[in-house]
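Below, each chain spelled out in residue letters.
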Amino acid sequence: MRSLIVSDIHANLEAFQSVINDAHDRGGFDQIWQLGDLVGYGPDPVACIDLLREHDHVGVAGNHDLAAVGRLSLEAFNMYASAAAQWTTTQLTDDHVEYLRGLPLRMETNDFTGVHGSPRDPVWEYVVSAATATANFRHFTTRRCLVGHSHLPFVCRPDGDSATFLDFPVDSPIQLGEGQLIINPGSVGQPRDGVPTASYSIYDSDEGTITHRRAEYDIPGTQQKMKTRGLPRYLIDRLPHGR
Ligand code: ZN
């Protein structure tokens with residue numbers, strides 16, 4: 001079985017569609033695993049939810065999904081995220097609100113735990129340091145844990161009393177092995193690792209591997225839509241930089 005692992009799609013339809021096309025062209029997939037922040041920042045929240053729902057999928061809610069449906073206060077968001085969340089709220093139909101409200105904060109599938117932030121704090125915690133990763137290895141019982149939220153792709157394993165972040169190079173499958181791992185597929189819709197292309201991963205259960213991949217998408221097209229929708233300039237300008 002092959003799973004397409006995506007996180008932080010952020011209502012970027014061009015990026016999400018490119019990821020799906022790229023995955024189809026390179027061996028296909030059986031199911032999508034979605035790690036939260038389906039909406040927020042980008043211009044196409046409804047179309048992204050619809051595209052996801054056309055596929056067999058499982059998924060969790062991220063902080064932006066919760067904010068868009070009133071399950072989280074906007075006070076904790078910066079002004080750009082807050083403005084985008086308020087605009088997103090005006091776009092969602094009752095059906096889309098119900099879908100987002102129904103997303104769990106945590107899922108378990110095929111020896112993977114999936115959360116948006118961290119298994120200790122699925123809504124807010126960023127796993128970006130060895131100390132945070134080390135603390136979080138105690139908070140899941142499957143062998144592997146998938147996270148998003150930081151928009152930074154990585155693979156992390158326990159290392160004695162600490163944790164080590166390994167390289168997650170593009171297009172080279174990583175053997176998952178028997179030990180615990182925390183894996184972030186990066187962001188589909190707003191990458192922040194300095195690479196503007198949409199980031200995703202493929203898990204192949206037969207091979208026991210996970211592979212980091214990137215897909216090019218129409219960044220100017222997405223930017224133009226964001227302008228038309230009146231979304232914050234700062235969010236539009238960052239996309240070509242992958243920051
Ligand atoms: Zn996000």
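Residues numbered from 1 in each chain as written. Predicted model: local features only at pLDDT ≥ 70, side-chain atom pairs only at ≥ 80, totals over all residues. Heavy atoms only, no water.

A look at the coordination of the zinc ion
Metal coordination angles have textbook ideals: 109.5 degrees for a tetrahedral set of four donors and 90 or 180 degrees for an octahedral set of six. Of the protein atoms, only Asp8 (OD), His10 (NE2), Asp37 (OD) and His151 (NE2) coordinate the zinc ion, at distances of 2.1 to 2.4 Å. One can describe the donor arrangement at the zinc ion as irregular, given that its 4 donor atoms subtend angles of 83 to 175° at the metal. Donor residues binding the zinc ion come from one chain and are separated in sequence as D-x1-H-x26-D-x113-H. Across the pair, His10 and Asp8 agree in class, each one buried. (Donors = N, O, S within 2.8 Å, 3.2 Å for Na, K, Ca; no water. Tetrahedral: all angles 85-135°; square planar, octahedral: opposite > 155°, others 65-115°. Buried < 20%, exposed > 50% of the residue type's maximum accessible area, 1.4 Å probe, protein only.)

A word on the packing of helix 2 (residues 45-53) against helix 5 (residues 94-101)
With their axes 11 Å apart at the nearest point, helix 2 and helix 5 run at an angle of 65° to one another. Crossing of helix 2 against helix 5: the hand is left-handed. Seen from helix 2, the contacting residues are Val46, Ile49, Asp50, Leu52 and Arg53; seen from helix 5, they are Asp95, His96, Tyr99 and Leu100. For the contact of helix 2 with helix 5, the residue count by class is 5 nonpolar, 1 polar and 3 charged. (Axes fitted to C-alpha atoms, helices over the stretch in contact; angles between N-to-C directions. Helix = DSSP H or I, 4+ residues; strand = E, 2+ residues; numbered from the N terminus. Left-handed = near helix turned anticlockwise from the far one by under 90°. Contact = heavy atoms within 4.5 Å. Nonpolar A, V, L, I, M, F, W, Y, C, P; charged D, E, K, R; others polar.)

Some remarks on the pairing of strand 8 (residues 162-166)
In this structure, strand 7 (residues 154-159) lies alongside strand 8, joined through 5 bridges in antiparallel fashion. Note that in strand 8 the partner of Arg157 across the bridge is Thr164. In this structure, the hairpin formed by strand 7 and strand 8 is closed by a connection of 2 residues, where Gly160 is found at a positive phi of approximately 65°. (Pairing = 2+ DSSP bridges.)

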